[in-house]
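# Geometric and topological summary
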Amino acid sequence: MPDVGPTAVLPRRPLTVGELLDSAVLLLRGQARLLIPLAVLLSLGEQLLLHPLRLLADARAPAWWLDPDKIGWYWLLLAVGAGTEALIIALLGNPAARGAAAALLGRRAEPGELLRPAGARWGATLLIAVAVGLTVCLAGVAGPAWFAAYGLLGAVVPVLVVDRVPAYRAPWRALTLAVRAGGRFAGIRLLGYLGWWLIRLGIGLGAYYGLALLGLFDVSAWALPVATVTWAGVNALAYPALACLDAVLHLETRMRTEGLDIRLSRAPAGIPEPALLAVRR
């Protein structure tokens, strides 16, 4: 039986919003050796991908603010940025979800286990992550539709790798989980995104202007590399944190609405871990 005290990564019971946020941070702390280096690579790739669009939109470092004469390009930049965020969070959601599943069963998964391809379903994860990214990007072009797309698609990868459903069924099950209990999953996911967006904004701008105040070198001449490294660094913390939030939200929603905690408490000994958490068909 896993620890269900205040230090448990994921207690076997429905959680409050605050406890969910704490669980996500605890999960990230336990899996930081794997998730953060992966997020650094993906975040740097994202910055390189967005650079041409920033040039077309005349968005300048460090704030990447818009030029009113190029609002169309800037809108496209925002939509593509939203899509790349969603894609990266979905990719990181694979090891995060498997780490959360291990935590729910009372142990901590080591990086080697989470990198092992056997049973990880990385091929399906990549396809679904690309589909999620494209969907969020298209929703971003439509403006407010982004909120619905981002909020509703957070459970797709956890459903794939923890619930072990076929890939074609994963999006529908994720949508079903997201709208249960009055859309609680979607609402908390958006809340988590808003919180990390404010943190990213504060650090991203604060680091640049803080260096400028120190006067150690001409920051304006190095605005692009300084801003790129700063934003990639803060995203490398935010993206895995949001992936961990998706992972714990998914399992908590199953406990809240499907009785997963009761099922685990009654499960006979000797059942393999994947079978314990897989959705019964």
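Shown above is the structure to which this text applies.
My aim in this report is to walk through the structure given alongside it, one point at a time. Only a predicted model underlies this, so the values are computations on that prediction, with no experimental measurement involved. (Residues numbered from 1 in each chain as written. Predicted model: local features only at pLDDT ≥ 70, side-chain atom pairs only at ≥ 80, totals over all residues. Heavy atoms only, no water.)

## Section: the overall build of the protein
- Of the regular secondary structure elements, the protein holds 10 helices and 0 strands.
- Relative to the compact-globule value of 19 Å for 281 residues, the protein shows a C-alpha radius of gyration of 20 Å, a close match.
- Projecting the C-alpha coordinates of the protein onto the three principal axes gives extents of approximately 65 × 40 × 35 Å.
- A total of 281 residues make up the protein; the buried ones form 50% of that total.
- Residue pairs at least 24 apart in sequence account for 74% of intrachain contacts in the protein once pairs closer than 6 positions are excluded.
- If you sum the accessible surface of the protein, you get close to 13200 Å²; carbon and sulfur atoms cover 70% of it. (Helix = DSSP H or I, 4+ residues; strand = E, 2+ residues; numbered from the N terminus. Rg over C-alpha atoms; globule rule 2.2 N^0.38 Å. Buried < 20%, exposed > 50% of the residue type's maximum accessible area, 1.4 Å probe, protein only. Contact = heavy atoms within 4.5 Å. Areas by Shrake-Rupley, 256 points an atom, 1.4 Å probe, with all protein chains shown as cover.)

## Re the packing of helix α4 (residues 122-141) against helix α6 (residues 156-163)
- Contact pair α4 / α6: the axes reach a minimum separation of 10 Å and the direction vectors enclose 165°. Judged on the interaxial angle alone, α6 and α4 are roughly antiparallel. When you trace α4 past α6, the crossing you get is right-handed. In this structure, α4 contributes A124, T125, I128 and V132 to the contact, and α6 contributes V156, V157, L160 and V161.
- Here the residues of the contact of α4 with α6 sort into 7 nonpolar, 1 polar and no charged. (Axes fitted to C-alpha atoms, helices over the stretch in contact; angles between N-to-C directions. Parallel < 35°, antiparallel > 145°, perpendicular 65-115°, else oblique. Left-handed = near helix turned anticlockwise from the far one by under 90°. Nonpolar A, V, L, I, M, F, W, Y, C, P; charged D, E, K, R; others polar.)

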